[in-house]
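Spelled out from the first residue to the last, the chains are:
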Amino acid sequence: MKEYRLKIKGMMCSGCVNTVENALKKMPGVKDIRVSLVTKEALLKTDDSVKLENIKKEIEKAGYNLEESEESEDEEPYRRINYKKDKLRLIISIFLTFLLFLFMLFGSYFDKILFKNFIFYHTILSSFIIFILGYDVIKKSILSLKSFNFNMDTLIGIGAVASFLTGFLSILKIDIENFSMIGAMIITINTIGNSIKKISIKETDKELNSIIKTHINKTCSVIDGKNIIQKRVKDLSIGDIVIVKPGEKIPSDGIIFQGEGFVDESLITGESEPVYKRVGDRVIGFSINKSGAIKVKIEKVGQETFIFGIIRLIKDASSSKVPIQLLADKIASIFTPAILFISILSFIVSFVSYEYIKEILVFIKQYIPLVYIPSNRLSLSIFSSLSTLVIACPCALGLATPTALMVGFSLAYKNKILIKKGEVCEEITKIDTVVFDKTGTITTGTPYIESFYTFDKNFLNLAYSVEKNSNHPVSKAIISFIEDNKNNEIDTNISIDSFEYREGNGTISYFNGKEILTGKIDFLEKNGVIIEEETSKIIYKFFSEGKTITGLAIDKKFLGFFVITEKLRDESFETIKRIKDLGLKTVILSGDNSVKTEYIAKLLGIDEYYGNLMPDEKIKIVKRLQKEGRKVLMVGDGINDSPALKQSDISVAIGNTDIAIESSDIVLLKNNIFDLYKAIYISKKIFSKIKINLFWAFFYNLVFIPLAFFGIIHPVLAEIAMSLSSISVVLNSLLLKKLRIPETDTNTR
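Described in the following lines is the structure provided in the data block. (Residues numbered from 1 in each chain as written. Predicted model: local features only at pLDDT ≥ 70, side-chain atom pairs only at ≥ 80, totals over all residues. Heavy atoms only, no water.)

**Some details on the overall build of the protein**
Of the regular secondary structure elements, the protein holds 27 helices and 26 strands. Put simply, the protein has 749 residues, and 53% of those count as buried. Summarising the internal contacts of the protein: among those between residues at least 6 apart in sequence, 69% fall at separations of at least 24. Carbon and sulfur atoms make up 57% of the accessible area of the protein, which totals about 34,600 Å². (Helix = DSSP H or I, 4+ residues; strand = E, 2+ residues; numbered from the N terminus. Buried < 20%, exposed > 50% of the residue type's maximum accessible area, 1.4 Å probe, protein only. Contact = heavy atoms within 4.5 Å. Areas by Shrake-Rupley, 256 points an atom, 1.4 Å probe, with all protein chains shown as cover.)

**Focus: the environment of Lys300**
Position of Lys300 relative to the elements: it lies in the loop between strand 13 (294–298) and helix 11 (306–318). With 45 residues separating them along the chain, Lys300 and Ile255 place their C-alpha atoms 10.0 Å apart. The residues contacting Lys300, other than those within four sequence positions of it, are Ser252, Asp253 and Thr305.

**Description of the packing of helix 20 (residues 533–544) against helix 22 (residues 594–604)**
As a packed pair, helix 20 and helix 22 sit with axes 7 Å apart at the nearest point and diverge in direction by 30 degrees. Comparing the axis directions of helix 20 and helix 22 gives the class roughly parallel. Only Val595, Lys596 and Tyr599 of helix 22 make contact with helix 20, whose side of the interface consists of Tyr540, Phe543 and Ser544. Within the contact of helix 20 with helix 22, the residues separate by chemical class into four nonpolar, one polar and one charged. (Axes fitted to C-alpha atoms, helices over the stretch in contact; angles between N-to-C directions. Parallel < 35°, antiparallel > 145°, perpendicular 65-115°, else oblique. Nonpolar A, V, L, I, M, F, W, Y, C, P; charged D, E, K, R; others polar.)

**Things to note about unusual backbone geometry**
Notably, Asn512 is not glycine yet its phi reads approximately 55 degrees, a positive angle. Mapping Asn512 onto the fold places it in the loop between strand 18 (506–511) and strand 19 (514–519). Taking the relative accessible area as the measure of exposure, Asn512 reaches 60% and is therefore exposed. A positive phi angle, close to 50 degrees, is found at Asp555, a residue other than glycine. With respect to the secondary-structure elements, Asp555 resides in the loop between strand 20 (548–554) and strand 21 (557–565).

**Points about the packing of aromatic side chains**
Summed over the entire model, instances satisfying the criterion amount to 22 aromatic pairs. A ring pair is formed by Phe455 and Phe558, whose centres lie 6.1 Å apart and whose planes are at 45 degrees; its orientation type is tilted. Taken together, the residues span a long stretch of sequence, with Phe455 in the loop between strand 16 (448–454) and helix 17 (459–467) and Phe558 in strand 21 at a distance of 103 residues. Taking the relative accessible area as the measure of exposure, Phe558 reaches 9% and is therefore buried. The residue whose ring lies beneath Arg377 is Phe351, and the NZ or CZ to ring-centre distance is 5.7 Å. (Phe/Tyr/Trp six-rings, centres within 6.5 Å; stacked < 30°, edge-to-face > 60°. Lys NZ or Arg CZ within 6 Å of the ring centre and 35° of its normal.)

**A short note on the sheet that holds strand 11 (residues 282–283)**
In spatial order, the strands read 6-5-7-13-8-11; together these six strands make up an open sheet with antiparallel pairing. Edge positions in the open sheet fall to strand 6 (227–232) and strand 11, since each of these has one partner strand only. (Pairing = 2+ DSSP bridges.)

**Focus on the side chain of Thr586**
Locating Thr586 in the fold gives a position in strand 22 (residues 585–589). Every residue in contact with Thr586, bar those within four places of it in the chain, is listed here: Val434, Phe436, Ile576, Ile579, Lys580, Gly605, Ile606, Asp607 and Glu608.

**Notes on the pairing of strand 22**
By the criterion of burial, strand 22 is predominantly enclosed, with four of the five residues buried. Judged from the five bridges that link them, strand 15 (residues 433–437) and strand 22 form a sheet pairing that is parallel. Pairing of Thr433 across the sheet is with Lys585, part of strand 22. Pairing of strand 22 with strand 23 (residues 608–610), which is carried by three bridges, proceeds in the parallel orientation. Looking at the pairing, Val587 lines up with Glu608 of strand 23. Chirality of the crossover, the property in question, places the unit of strand 22, helix 22 and strand 23 among those that are right-handed. (Right-handed = clockwise from strand over helix to strand, strands pointing away.)

**Comments concerning the packing of helix 6 (residues 135–147) against helix 7 (residues 152–171)**
When two helices pack together, their arrangement is given by the angle between their axes and by how far apart the axes lie. Axis separation between helix 6 and helix 7 bottoms out at 8 Å; the angle between their running directions is 110 degrees. By the angle class used here, helix 6 and helix 7 are roughly perpendicular. Crossing handedness for the pair helix 6 and helix 7: left-handed. From helix 6, Val137, Ile138, Lys140, Ser141, Ser144 and Leu145 reach across to helix 7, where they touch Asp153, Thr154, Ile156, Gly157, Ile158 and Val161. Grouping the amino acids of the contact of helix 6 with helix 7 by side-chain chemistry returns six nonpolar, four polar and two charged. (Left-handed = near helix turned anticlockwise from the far one by under 90°.)

**As for the nonpolar core**
Among the nonpolar cores identified, the biggest contains 136 residues, and Met11, Leu44, Ile55, Phe436, Ile666 and Leu676 are the most heavily contacted of them. Residues contacting Phe436, with those up to four places away along its chain left out, are Thr441, Ile442, Ile576, Ile579, Thr586, Val587, Ile588, Leu589, Val635, Ile673 and Leu676. Core analysis: the second largest hydrophobic core is formed by 23 residues, Val466, Ile478, Ile490 and Ile494 among them. (Core = buried A, V, L, I, M, F, W, Y, C linked by side-chain atoms within 4.5 Å.)

**Comments concerning the pattern of salt bridges**
In the structure shown here, the tally under the stated rule is 28 salt bridges. When the shortest N-O distance is used, the salt bridge between Lys537 and Glu534 registers 3.9 Å. Highlighted residues: Lys537 and Glu534, both in helix 20, separated by three residues, approximately one helical turn. Overall, the relative accessible area of 53% leaves Glu534 in the exposed class. Close ionic contact of Lys541 with Glu545 constitutes a salt bridge, the shortest N to O distance being 3.0 Å. (Salt bridge = Lys/Arg side-chain N within 4 Å of Asp/Glu carboxyl O.)

**A look at a nonpolar patch on the surface**
A cluster of nonpolar side chains, namely Phe363, Tyr367, Ile368, Leu370, Leu717, Ile720 and Leu724, defines an oily patch on the protein surface of about 740 Å² accessible area. Per-element accounting of the nonpolar patch gives the leading share, three residues, to helix 27 (residues 715–734). The topology assignment puts Leu724 in helix 27. (Patch = residues over 30% accessible without salt bridge, like charges linked within 9 Å, V, L, I, M, F, W, Y side chains within 5 Å.)

**Comments concerning the side chain of Ser590**
Note on placement: Ser590 falls in the loop between strand 22 and helix 22. When its relative accessible area of 2% is taken as the criterion, Ser590 is described as buried. Once you skip the residues sitting within four places of it in the chain, Ser590 turns out to touch Lys438, Thr597, Tyr610, Gly611, Asn612, Leu613 and Lys618.

**Examining the sheet that holds strand 16**
Within a sheet, each strand pairs with its neighbour through backbone hydrogen bonds, oriented either parallel or antiparallel. Spatially, six strands are ordered 16-21-20-19-18-17 in an open sheet, and the strand pairing comes out antiparallel. Sheet topology places strand 16 and strand 17 (498–502) at the edges, where each strand pairs with a single neighbour. Pairwise comparison of adjacent strand axes, ignoring direction, gives a mean angle of 15 degrees for this sheet. Those strands touched by helix 20 are strand 16, strand 20 and strand 21, and its axis lies near 15 degrees from that of strand 21.

Shown next as structure tokens:
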């Protein structure tokens, strides 16, 4: 399976997106295709037989071109040249159209005094604007007609050519008004509108692109044998050893080869406190070395780095389909053919009902002087048809969702929240239940030993010998506690014969033929360990205070237990309160005993709680909630709760580990549970913006197409209105940048 990510030049509307998608879907071997109007990218998944040259040919057949990749050395000169060409074309179009406008205002003066063949020169000048300066539009229009993949260029191209033909017929002395100037103005206004739209759309992912571009062109110090050379970040190779001085950015992902110090990862994770790193620790590109010179061995470069992966996820998510957009897509797919039909119908109706429509226009002109009344039947029919062609706007429908998603997802990432799927923004509005996995989510996930109780002098020796075989957080906490407090009393020569980890329960190991059990109290009891009543009372008291107990027994004899506590996150209290204020039910799932789980649930004000759960039992509870008709959002650390996260309707992982990013729809990179509330808040605002965009896109077309149908709106005003509708959708999406994100109230508890 291959994956291609291609930049496509020339897409301006949802019709263009459909044209490219349809062209590539027809290729044998293409498994999946997603095209984004905002990023101008096509993401293809194909089998190994599909070649890039063939993809390029299909795109060119459809009337579009591939751009240079973002990593190309020639990209900036290429873009500058094209920008200058577009700018020059725009300036010439505006200047010549202004001359035509003067001809229109003073036509009779030009005709009588300056030159007699005014209509001829008028039409020639218009044709230059339409066919030379508007060449791209006309070309795409012809290609779309040939392939039956209609888009916005089809409507504008037909309208402009039809306008030119009226001028040509006027030269032949046929009784028809010369609308060639209207065609020229349509092309010019379309060019202006597209330029503004390009600038506006570029703003939607400006922050994401600026993060990359300002960094990859910087140089860094690389060890080359006995010398130190300067390399641009974009030219780094895997295995390069880079020297990073205090205050400098780490150029790319890697591991510390030499040195140690604190690294500021706030740009990536949002954590304000620098993290101490030593030899062998992984570091992320774009993070800042705060103290001590370090040498970093580069492990990932370019598109494979963590930051590129995050930005790629955001861009892919912005091109994903939100369910509400599906209706708009269906309409957009038949929109242009429908408008072509309606424009023909407008011509026929205006021709047949000329006198009646003329009376209506005369009446309206009394109140709206800008209304233009053509002089004869044929002219009115063409005039109405032209207005209908150019006022219709599928662009606004196509831009409504992706622009809002791109701006919203960029805003979320700015707050260290990664939303991976566009549909999440709609689905989150249907959520009525939020399920929390306890450990690492509403607690810090870092257990520590508060105290221990023992009835045998070998308790600590055996505990140390067993737990050092495990990487479980509780095992690490026990080892750390013993080493820090009882290190002189430990016999490090004890060797365990075998060790077996029982997920969610504890461990079984053997020493000199004797079975050693460690873990939950109920796990020990199920395996035949008898705990005296007085000891059970002490243990229950700790349970009721929200503590965890890890016991140890040898040959069914109970030797003692550790009292383990986990600190609740400071922000957990306000997070639960804010979520409940939204009218959502809250549920906590935990592998800890039910007494402790109940204690934490009541302390936080959580509605439902379930303890003593194995990972597969957490899935069953999520399924049961869903069978009850609930829409479930679940948040966890993505480690032992991954199956339950996948079962939920929306999964949220806290932390920036690979497994957290892989297993969830939303990732809270900052490792702060209050960001869950922020994620819900931002997602709802994005969806609200999508609905507003779609409403105005539909409203515009529903109101203005009927007015154009009867010639009430001038084609030039129609083209201006069409351009403004698309621009307004983009600008409305950009308002998300001004959204005020809620912050925690430190007094809430």
